[in-house]
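Chain by chain, the residues run as shown.
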Amino acid sequence: MSELLERLRYGAEQLGMYLPAIIGALVLLFAGYLVARQIQKWVDKTLARMDFNRMAEKGGFTEVVERAKPRLDPVHAVGKLAFWLVMLFVLIGFFNQIGLTMVAEPLRDVADTIARVAPSLLHACLIFNRRQTSEPGAELLRFAVCDHGRAFHSPSRQRLGSG
């Protein structure tokens, strides 16, 4: 009987060591989810006010989004993308908090890849959008990223900035 009590005591001690980290990770996951949902709603509202669906239709983005299952309009597709980008970082923090670095490392690699590819992708979108339409939003974004921000240093950046 004393061996059973000793094992129960040992199990309770082990649980006591890991329980704060698990609770903290769950709080982080829940708070991160709420933040990601708010960002998604903010992106949806902002893009809807900018009439992004019409701009996406002119740029051909609507055709790509319509092929997806379930069907989303471009505004909601970009909102979902923003949600999952935030959740990617939340999940990295969650898995690190509970000590599952073997799960967090591949997610961190995905985040690093996104960070490396995103500027080039944005640049390509700006070039394509510049050629398709001269919307005020595209002009503002082009100025902020290409002219003022000096984010890109390529020949296409000079062509984009000179138009």
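Residues numbered from 1 in each chain as written. Predicted model: local features only at pLDDT ≥ 70, side-chain atom pairs only at ≥ 80, totals over all residues. Heavy atoms only, no water.

**Comments concerning unusual backbone geometry**
Point 1. A positive phi angle is found at D51, which is not glycine, with a value near 55 degrees.
Point 2. Within the secondary structure, D51 sits in the loop between α1 (2-49) and α2 (52-59). (Helix = DSSP H or I, 4+ residues; strand = E, 2+ residues; numbered from the N terminus.)

**A short note on a nonpolar patch on the surface**
Point 1. Together, L15, M17, Y18, L19, I22, I23, L26, V27, I98, L100 and V103 line one region of the surface with nonpolar side chains, adding up to about 970 Å² of accessible area.
Point 2. The element best represented in the nonpolar patch is α1, accounting for eight residues.
Point 3. Inspection of the secondary structure assignment puts M17 in helix α1. (Patch = residues over 30% accessible without salt bridge, like charges linked within 9 Å, V, L, I, M, F, W, Y side chains within 5 Å. Areas by Shrake-Rupley, 256 points an atom, 1.4 Å probe, with all protein chains shown as cover. Salt bridge = Lys/Arg side-chain N within 4 Å of Asp/Glu carboxyl O.)

**Considerations on the environment of V43**
Point 1. Within the element layout of this structure, V43 appears in helix α1.
Point 2. Residues V43 and V75, spaced 32 residues apart in sequence, show a C-alpha to C-alpha distance of 7.9 Å.
Point 3. Not counting chain neighbours up to four residues away, the residues in contact with V43 comprise V78, G79 and A82. (Contact = heavy atoms within 4.5 Å.)

**Some remarks on the packing of α1 against helix α4 (residues 74-97)**
Point 1. The contact between α1 and α4 brings their axes to 8 Å, and the two run at 165 degrees. The angle between α1 and α4 places the two elements in the roughly antiparallel class. You can see that α1 and α4 cross each other, and the crossing is right-handed.
Point 2. Across the contact of α1 with α4, the residue classes tally to 20 nonpolar, seven polar and three charged. (Axes fitted to C-alpha atoms, helices over the stretch in contact; angles between N-to-C directions. Parallel < 35°, antiparallel > 145°, perpendicular 65-115°, else oblique. Left-handed = near helix turned anticlockwise from the far one by under 90°. Nonpolar A, V, L, I, M, F, W, Y, C, P; charged D, E, K, R; others polar.)

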